[in-house]
Amino acid sequence: MIVTILAWTGALLSCLLTIPQAVRTLRSDRLDGLSATTYWIILGNAVVWATWSALTGEYAAGVPALVNGPAALLILRRLHRSQRSMARVAEHQVAPY
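Predicted, not measured: the structure shown is a model, and the values here were computed from it.

Conventions adopted
Residues numbered from 1 in each chain as written. Predicted model: local features only at pLDDT ≥ 70, side-chain atom pairs only at ≥ 80, totals over all residues. Heavy atoms only, no water. Helix = DSSP H or I, 4+ residues; strand = E, 2+ residues; numbered from the N terminus. Buried < 20%, exposed > 50% of the residue type's maximum accessible area, 1.4 Å probe, protein only. Contact = heavy atoms within 4.5 Å. Areas by Shrake-Rupley, 256 points an atom, 1.4 Å probe, with all protein chains shown as cover. Core = buried A, V, L, I, M, F, W, Y, C linked by side-chain atoms within 4.5 Å.

Engineer: Which parts of the structure should I look at to understand the overall build of the protein?
Structural biologist: Scanning the protein from N- to C-terminus turns up 4 helices and 0 strands. Its helices and strands in sequence order give the protein the pattern α-α-α-α, from N to C terminus. Here the protein holds 97 residues, and 24% of them are scored as buried. Taking as baseline every contact in the protein between residues at least 6 positions apart, the subset at least 24 positions apart corresponds to 72%. When the accessible surface of the protein is split by element, carbon and sulfur atoms take 66% of a total near 7200 Å².

Engineer: What am I meant to see in the nonpolar core here?
Structural biologist: Most often, soluble globular proteins have nonpolar side chains that are buried together. Core analysis: the largest hydrophobic core is formed by 10 residues, namely Ala 22, Leu 31, Leu 34, Tyr 39, Leu 43, Ala 71, Ala 72, Ile 75, Leu 76 and Leu 79. Where this core is concerned, the elements lending two or more residues are α3 (36–56) and α4 (59–92). Top element by residues in this core is α4. It accounts for 5 residues. Once residues within four sequence positions are removed from consideration, Leu 79 is found in contact with Leu 31, Leu 34, Ser 35 and Ala 36.

Laid out in structure tokens, this is it:
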């Protein structure tokens, strides 16, 4: 019983890992300091844990993937859109004479 409680408590806490950054990303246009590589790793981690969880029936281990995976996708999408916008702005800037 204690092992099950610990597993689900750990799952709940792990679900909270990416939430603050995802909320900040949604509320602000400032994405400085965010590493796309970090969020690709988080997404890969989520896929692996979700797959392992589904194959073994250890669902507490997979629940965080259902939160962290989509949060990583959200952040990666915002980073990609921001980089495209910055590239367009830089492309249209006129050099001073």
